[in-house]
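# A look at the structure
The residues making up each chain are set out below.
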2 protein chains.
Amino acid sequence: MIKHTPHPPRPRGLLIVMTGASGVGKGTLREQWLQDQDVFYSVSWTTRTARPGERPGQDYHFVDAGRFLEGIGQAGFLEHAEFAGNHYGTPRGPIEAALERGQDVILEIEVKGAMQVRQSSKEAILIFIMPPSLTELRRRLEGRATENPEQIERRLSRAREEVLEAHAFDYVVMNDDLTRAVADMHAIQRAERLKSNRLSPRVLSGIVDT
Amino acid sequence: MIKHTPHPPRPRGLLIVMTGASGVGKGTLREQWLQDQDVFYSVSWTTRTARPGERPGQDYHFVDAGRFLEGIGQAGFLEHAEFAGNHYGTPRGPIEAALERGQDVILEIEVKGAMQVRQSSKEAILIFIMPPSLTELRRRLEGRATENPEQIERRLSRAREEVLEAHAFDYVVMNDDLTRAVADMHAIQRAERLKSNRLSPRVLSGIVDT
């Protein structure tokens, strides 16, 4: 963690969106990457039921359809999407607050949701997590054993479309080697902090006035 | 160094331009950063005379004004600029060849030249090397003792203007701590390789067809 002196104020955080097919390993990659980092991980809302082992409030906020629609009604979502008959969404308020206090915000969401963030936020950095192959993705989905064969076929068919649209995102990280993929995530985060549009006039004044 | 198999072909290299005020430490930073890397370092042409210790063909190709203008006449420069009465330029041909064979190309040039590369090349990645302060920059220039006081004042006045225009570049790397600045350069290079627009259709086909 970087220590920040009171002046200049901590720069605005980065809004980083991880997306990619179900089974591509977003969760494990995220945990390794964010280890020891002081970031704000945005927990999505969903109307789907929890899978075995999923922790409410950590993996998702599990809510019923009524509560979910209420959230959208308050114009409170950065994105919301329907996937395989369930709703998913990301509340906007806590994200803006974290960015303002200088924390990086991490979203791990479905591809459709990520496309919406592209529209609703200019600052979002979109990272597509790529499977090494669809064969490998099938192997991972079957190994997970949380879906029936029909659901797996649907996911694979969707994954195929998504892979072919990878250009719509800012970065593509291939998740074939976890260590390398983690290092890729770190590099993106570090490089994005160095973008010139993040330089405040105050920092520039500090340099030329001394 | 990364080993490349014959198929898929090695992706096109990155064109990375380092710029910043005289005395900001671009040379040392570049040497540390590029250590053990298989890159193409583009040696600029210049009409100025060599400073003590400068190696012809390594620091610059030192040419006379006639030969320099001949080079421009063949439309062979990615950028050319006049600075403190001397001409500087970067030949285009060898750069394109290196990018094509998959080598990253590194340019270390004056700010005016970098601005021209912004215009003449869409793929160029521009990195502005920032001094910690103008006071520190003055100290470094005086320590170098290659310019007279009047030249130093002129360089500082120019540096001030350039710092205030840092937003014109893609990235800003503060050169106050060499180790950190070197890591910043590595992160930028790594992240840029992950940009989605560098994904070839061939790679995508390889993923979905397996």
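Bear in mind that the values here come from a model prediction, so they are computed numbers and not experimental data.

What counts as what
- Starting afresh in each chain, residues are numbered from 1 along the sequence in its written order.
- To read the labels, note that chains go from A and ligands from 1, taken in the order they are written.
- Predicted model: local features are reported for residues with pLDDT of at least 70 only, side-chain atom pairs are reported and counted for 80 or more only, and whole-chain, interface and lining totals are derived from all residues.
- For the purposes of this entry, the term helix denotes a DSSP run of H or I that reaches at least four residues, the term strand denotes a run of E that reaches at least two, and both are numbered from the N terminus.
- To sort residues by burial, count the other C-beta atoms lying within 10 Å of each one's C-beta; a count of 20 or more means buried, 12 or fewer means exposed, and anything in between means partly exposed. C-beta atoms are built from the backbone.
- Throughout, a pair of residues is in contact if the C-beta atoms placed from their backbones lie within 7 Å.
- Copies are brought into register by a least-squares superposition over C-alpha atoms of residues with pLDDT of at least 70 in both.
- Throughout this entry, Asp, Glu, Lys and Arg are counted as charged residues, while Ala, Val, Leu, Ile, Met, Phe, Trp, Tyr, Cys and Pro are counted as nonpolar. The remaining residues, Gly among them, count as polar.
- Following DSSP output, two strands are said to pair if at least two bridges run between them.
- Only buried residues count toward a nonpolar core: Ala, Val, Leu, Ile, Met, Phe, Trp, Tyr and Cys, linked into one set through C-beta atoms within 7 Å.
- Fitting a line to C-alpha atoms yields each axis, with helices limited to the stretch in contact; the angle taken between N-to-C directions then spans 0 to 180 degrees.
- Should an angle lie under 35 degrees it is considered roughly parallel, over 145 roughly antiparallel, and from 65 to 115 roughly perpendicular; all remaining angles are considered oblique.
- What pLDDT expresses is the predictor's confidence in each residue, scored from 0 to 100.

All right, on to the overall build of chain A then. From N to C terminus, chain A includes 8 helices and 9 strands. Its C-alpha atoms put chain A at 65 × 40 × 30 Å along the principal axes. For chain A, with 210 residues in total, the buried portion stands at 36%. Taking the intrachain contacts of chain A between residues at least 6 apart in sequence as the baseline, contacts between residues at least 24 apart amount to 68%.

Let us now look at the relation of the copies chain B and chain A. Rotating chain B by 180° about the axis while translating it 0.0 Å along that axis superimposes it on chain A, leaving an RMSD of 0.0 Å. The symmetry that links the two subunits is that of a two-fold axis. For chain B, the residue whose C-alpha comes nearest the rotation axis is B:A187, separated from it by 2.2 Å.

Taken together, the contact pairs 30 residues of chain B with 30 residues of chain A. Elements that contribute at least two residues to the side of chain B that touches chain A include exactly β8 (125–130), α5 (134–144), α6 (149–164), β9 (171–174), α7 (178–193) and α8 (201–208) of chain B. Of all the elements, α7(B) adds the most residues to the side of chain B that touches chain A, at 5 residues. A breakdown of the residues in the side of chain B that touches chain A according to their chemical character gives 19 nonpolar, 6 polar and 5 charged.

Below, the discussion takes up the sheet that holds strand β6 (residues 86–91) of chain A. Whether parallel or antiparallel, the strands of a sheet pair through hydrogen bonds between backbone atoms. Residues and elements named next belong to chain A. Pairing in this open sheet of 4 strands is mixed, and the strands run β4-β3-β6-β5 from one edge to the other. Each end of this open sheet is capped by a strand with a single partner; those strands are β4 (61–62) and β5 (77–83). As paired strands, strand β3 (residues 45–46) and β4 are joined by 2 bridges and run parallel to one another. Within β4, the position partnered with W45 by the bridge is H61.

Right, let's talk about the environment of B:P56 for a bit. Residue and element names in this part refer to chain B. Within the fold, P56 resides in the loop between β3 (45–46) and β4 (61–62). On the neighbour-count criterion, P56 (11 C-beta atoms within 10 Å) is exposed. Residue contacts for P56: discarding those within four places in its chain leaves A50, H61 and F62.

A:V17, A:I127, B:V17 and B:I127 are the most contacted members of the largest nonpolar core, which totals 94 residues. For B:V17, the contacting residues outside a window of four places in its chain are B:L107, B:I109, B:A114, B:V117, B:A124, B:I125, B:L126 and B:I127.

All names here are of chain A. Among the secondary structure elements, D176 is positioned in the loop between β9 (171–174) and α7 (178–193). We classify D176 as partly exposed; it has 13 C-beta atoms within 10 Å. Sequence spacing of D176 and P56 is 120 residues, and the spatial spacing of their C-alpha atoms is 29 Å.

Time to look at the sheet that holds strand β8 (residues 125–130) of chain A. Residues and elements named next belong to chain A. Read from one edge of the open sheet, 5 strands run β2-β7-β1-β8-β9, paired in parallel fashion. Sheet topology places β2 (40–41) and β9 at the edges, where each strand pairs with a single neighbour. Strand direction decides the pairing type here: strand β1 (residues 15–20) and strand β7 (residues 105–108), joined by 4 bridges, are parallel. Pairing of L15 across the sheet is with V105, part of β7. The sheet contacts of helix α4 (residues 111–120) involve β1, β7 and β8, and relative to β1 the element is tilted by about 150°.

Moving on to unusual backbone geometry. Its identity as a non-glycine residue notwithstanding, A:D36 has a phi of 65°, on the positive side. Structurally, A:D36 can be placed in the loop between α1 (26–34) and β2.

Glancing now at the packing of helix α8 (residues 201–208) of chain A against α6(B). Contact geometry of α8(A) with α6(B) gives a least axis separation of 10 Å together with a crossing angle of 170°. Between α8(A) and α6(B), the interaxial angle falls into the category roughly antiparallel. Where α8(A) approaches α6(B), its residues A:L204, A:I207 and A:V208 are matched on the opposing element by B:R160, B:V163 and B:L164. Looking at the contact of α8(A) with α6(B) residue by residue, the class counts come to 5 nonpolar, no polar and 1 charged.

Time to look at the pairing of β6(A). All names here are of chain A. When β3 meets β6, the two strands line up antiparallel, connected through 2 bridges. In the strand pairing of β6, W45 is matched with G89. Note that β5 and β6 share 6 bridges and pair antiparallel. Directly across from F83, in β6, lies its bridge partner N86. A loop of 2 residues connects β5 with β6, the two strands running antiparallel in sequence, and A84 in this loop sits at a positive phi of about 50°.

Our next topic: the confidence of the model for chain A. Residues and elements named next belong to chain A. In the predicted model, chain A carries a mean pLDDT of 89, and 94% of its residues have values of at least 70. When mean pLDDT is compared element by element in chain A, α7 scores highest at 98, while helix α2 (residues 65–73) scores lowest at 80. As scored by the predictor, the complex reaches a pTM of 0.88 and an ipTM of 0.87.

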